[in-house]
Amino acid sequence: MSDSVGSSESGGVAGVGQDAEADNEPPQQMPALPEGDSLEPRETPEEGACPSAKRPRLSEEEQDLGLTAEPLETHGETVAQAGLLQEDPAPPAQGVPLQCEERCQGGEEEAVSAGCEVECHQNGDGGHDAPLEEGETKPDEEQTTNGSADSPSEGQHLGLDFTQNPQMLTGSWTEYSNFPENYLKGCKWAPDGSCILTNSADNVLRVYNLPPEIYSYNWDLLPEMSPVLRMAEGDTIYDYCWYPKMSSLDPDSCFLASSSRDNPVHVWDAFYGEVRASFRPYNHLDELTAAHSLCFSPDGSQLYCGFDKTVRVFYTERPGRDCEERPTIVKKQGQSGIISCFAFSPCLSVYACGSYSRSAGLYSCQDGTPLALLPTRHHGGLTHLLFSPDGNYLYTGGRKDPEILCWDLREPGKVVFSLKRNVATNQRIYFDLDMSGRYLLSGDTEGVVSIWDTQTAPSDGSEELLQPQLQFQAHWDCTNGISIHPFMPLLASSSGQRQFLWPGDSEGDSASEGEAGEAVMSPRETRHDNALTLWWAGPLGPAAEDGQQQNTAAVEA
């Protein structure tokens, strides 16, 4: 895969797999883009048109004979059945009649002209259009020929329900058991909700399709998930993110970016798992340097990369080494340290940077002008940032720091409330907000997922420690990743952490059989749990209620 990196840098990123050999171009209306074309996706195919997707490559001879490729099978299902090529539109926003489904299929412009609501939602990895708020209809398993889907019952809206513990549906465990200590490092839903992206200690990015059985209530038939794509980086992966306008209906928009040690930033094709292009940042000594954090701008036109006291901005349509440098500290004033995370405001042309120096700063998207530097309140370097959907609040979390702080950006420097979680390592522990901005979810190093209702915060402006509304044991090891589905009441969680040998674990150690060894060790410290897990956090159907006890027993096992 690495051979295709250099060939894709000179002419921009072409259609799916252009940087591969000519005879490997995908079939069916996927011509190579002219030189100088960009990563920007083409217009969405017209209604009724079926775009090409994850299909076997055809040789030149086969193409001359007019042969066509069959869709790739996953778990005995075609890609279209597995949900990656579903042409059904996202369920309508709360309060929009179901008849609006047909009119919303033509894309955002047609949806707006038809009167459908389109809202902007920031989910921690670059802003993207999300047509739904909390409370949505759940598509049925059976779909009509034109791609529309019926809900389980007309007029039913399925939103997040945290009055009871989420129910485990399925996950992936075997995939991470073949490599010693192959713990996960987070999971992120695709912007269109069709698949999940994970990062793990073996330096491989994996893409999982959403199981088609989830669209029905036959959850007792859910098999263990297997990845449909594996993208191997050369060294430790620092960060990764989806293209915010990604849609499975448009294969050209299906890509993601990743950064790894001693490597350029790679742009991966999410249909074939190949490198489309690379962005090469160089330091003042003209040496290739790796980005510690990545984030696409909300419109996808720029890729922001974090470095030591510097942010470099690449233009998505121009792969290569050309970039704009924005230092975060000028004349010893500003934000110091390595820029470790980004977040973009969903409403204003503002982005936030977190650094390992425990600080967070706000900057203008136009030219990177510093707007505000928040006071240092965290005990460790920042690892994750998140804007509220209305853009008024910023949530920050750090490593070896037990607090998630909520900042009121209308009064920069004011903390509205804090959330307590157990973070005892340097690992990046993600948190996420639902579409409405009401519920904030986070895991911790003990495997517990906490859910806070931000609407219970005090209205008098006094800072307060907010108590979680619900807590449940998601994993037996560190729950480092949590991601909420863009429009369904589904959660994805990832677990695992680097395990260190305790003195009692050493062979030949006399203390391992004595009271000293028993005092040091505990069952939780020796238990490994490296897994990706899907959870249902909405109302339960009749069939799901019958199988709830079986799934609960599986979690405990």
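For the structure given in this document, a descriptive report is provided here. (Residues numbered from 1 in each chain as written. Predicted model: local features only at pLDDT ≥ 70, side-chain atom pairs only at ≥ 80, totals over all residues. Heavy atoms only, no water.)

### Observations regarding the state of the cysteines
Next up, step 1: Scanning the entire structure with this criterion turns up zero disulfides.
Next up, step 2: Of all cysteine sulfurs in the structure, the one in C323 sits closest to C305, which takes part in no disulfide; the separation is 8.0 Å. (Disulfide = S-S within 2.5 Å.)

### Details of the packing of aromatic side chains
When we look at a pair of aromatic rings, we describe it by the centre distance and by the angle of the planes.
Next up, step 1: A full pass over the atoms with the stated rule returns twelve aromatic pairs.
Next up, step 2: Judged by centre distance (4.9 Å) and plane angle (80°), the ring pair of Y304 and F344 falls under edge-to-face. Here Y304 is found in strand 15 (residues 302-307), whereas its partner F344 is found in strand 20 (residues 339-344), with 40 residues between them in sequence.
Next up, step 3: Owing to a relative accessible area of 0%, Y304 belongs among the buried residues under this scheme.
Next up, step 4: For F344, a relative accessible area of 1% translates into the label buried.
Next up, step 5: Put simply, the rings of Y304, F342, F344, Y351 and Y363 pair up and form one aromatic cluster.
Next up, step 6: Against the face of Y240 rests K188, its NZ or CZ located 4.3 Å from the ring centre.
Next up, step 7: If you follow R321 out to its NZ or CZ, it ends over the ring of Y282, 4.0 Å from the centre. (Phe/Tyr/Trp six-rings, centres within 6.5 Å; stacked < 30°, edge-to-face > 60°. Helix = DSSP H or I, 4+ residues; strand = E, 2+ residues; numbered from the N terminus. Buried < 20%, exposed > 50% of the residue type's maximum accessible area, 1.4 Å probe, protein only. Lys NZ or Arg CZ within 6 Å of the ring centre and 35° of its normal.)

### Some details on the environment of N283
Next up, step 1: Secondary-structure assignment places N283 in the loop between strand 13 (275-279) and strand 14 (293-296).
Next up, step 2: As for N283 and F307, which are separated by 24 residues in sequence, their C-alpha atoms are 9.6 Å apart.
Next up, step 3: Setting aside residues no more than four positions away along its own chain, N283 makes contact with T289 and R312. (Contact = heavy atoms within 4.5 Å.)

### Side note on the sheet that holds strand 7 (residues 195-200)
Next up, step 1: Taken together, the four strands give an open sheet; going across it, the order is 6-7-8-9, and neighbouring strands pair in antiparallel fashion. Since the sheet does not close on itself, it has two edges, and those belong to strand 6 (184-189) and strand 9 (229-232), each with one partner. Going across the sheet, the axis of each strand differs from the next one's by a mean of 20°, ignoring polarity.
Next up, step 2: Taken together, the four bridges between strand 8 (residues 204-209) and strand 9 define a ladder with antiparallel strand orientation. Directly across from R206, in strand 9, lies its bridge partner R230. (Pairing = 2+ DSSP bridges. Axes fitted to C-alpha atoms, helices over the stretch in contact; angles between N-to-C directions.)

### Observations regarding the pattern of salt bridges
Next up, step 1: In this structure the tally under the stated criterion is 14 salt bridges.
Next up, step 2: One salt bridge in this structure joins D308 and K309, with 3.2 Å as the shortest N-O distance.
Next up, step 3: A relative accessible area of 42% means that D308 is categorised as partly exposed.
Next up, step 4: Here the salt bridges do not stand alone but share partners, grouping E175, D202, R206 and R230 into one network. (Salt bridge = Lys/Arg side-chain N within 4 Å of Asp/Glu carboxyl O.)

### Description of the environment of P223
Next up, step 1: Within the secondary structure, P223 sits in the loop between strand 8 and strand 9.
Next up, step 2: Taking the C-alpha atoms as reference points, P223 and E213, separated by ten residues in sequence, lie 9.2 Å from one another.
Next up, step 3: Ignoring any residue separated from it by four or fewer positions in sequence, one finds P223 in contact with T170 and E213.

### Structural notes on the side chain of H485
Next up, step 1: In this fold, H485 is placed in the loop between strand 33 (479-484) and strand 34 (490-495).
Next up, step 2: Accessibility expressed as a relative area gives 2% for H485, which makes it buried.
Next up, step 3: A polar contact is formed between the side chain of H485 and the backbone nitrogen of F487, at a distance of 3.2 Å.
Next up, step 4: Those residues within four positions of H485 in sequence are excluded, and the remaining contacts are W189, G193, L210 and L490. (Polar contact = N/O pair within 3.5 Å; in protein donor to acceptor, adjacent residues only side chain to side chain.)

### Here's the deal with the nonpolar core
Next up, step 1: The biggest cluster of nonpolar side chains holds 22 residues, and the ones touching the most others in it are L169, L210, I214, M488, L490 and L534.
Next up, step 2: Elements with a contribution of two residues or more to this core: strand 6, strand 34 and strand 35 (532-536).
Next up, step 3: Ranked by size, the runner-up nonpolar core spans 20 residues in total, among them V228, M231, Y240 and W242. (Core = buried A, V, L, I, M, F, W, Y, C linked by side-chain atoms within 4.5 Å.)

### A short note on unusual backbone geometry
Next up, step 1: A positive phi angle, near 60°, is found at D286, a position not held by glycine.
Next up, step 2: Mapped onto the fold, D286 is located in the loop between strand 13 and strand 14.
Next up, step 3: By relative accessible area, D286 is classed as partly exposed at 48%.
Next up, step 4: Positive phi, normally seen in glycine, also occurs at K400, with a value near 50°.
Next up, step 5: As for its position among the elements, K400 is in the loop between strand 25 (393-398) and strand 26 (403-408).

### Some words on the pairing of strand 21 (residues 350-355)
Next up, step 1: With six of its six residues buried, strand 21 lies for the most part within the structure.
Next up, step 2: Bridge analysis of strand 20 against strand 21 gives five bridges, and the strand direction is antiparallel. Counterpart to A343 in the pairing with strand 21 is A352.
Next up, step 3: Hairpin connection, strand 20 to strand 21: the antiparallel pair is bridged by five residues.
Next up, step 4: Sheet analysis places strand 21 next to strand 22 (residues 360-364), joined by five bridges and oriented antiparallel. Along strand 22, the bridge assignment pairs V350 with S364.
Next up, step 5: Linkage of strand 21 to strand 22, two consecutive antiparallel strands, is achieved through a turn of four residues, within which R358 is found at a positive phi near 75°.

### Let's talk about the side chain of T479
Next up, step 1: Secondary-structure assignment places T479 in strand 33.
Next up, step 2: Judged by its relative accessible area of 0%, T479 falls in the buried class.
Next up, step 3: A polar atom in the side chain of T479 sits 3.2 Å from the backbone oxygen of G447.

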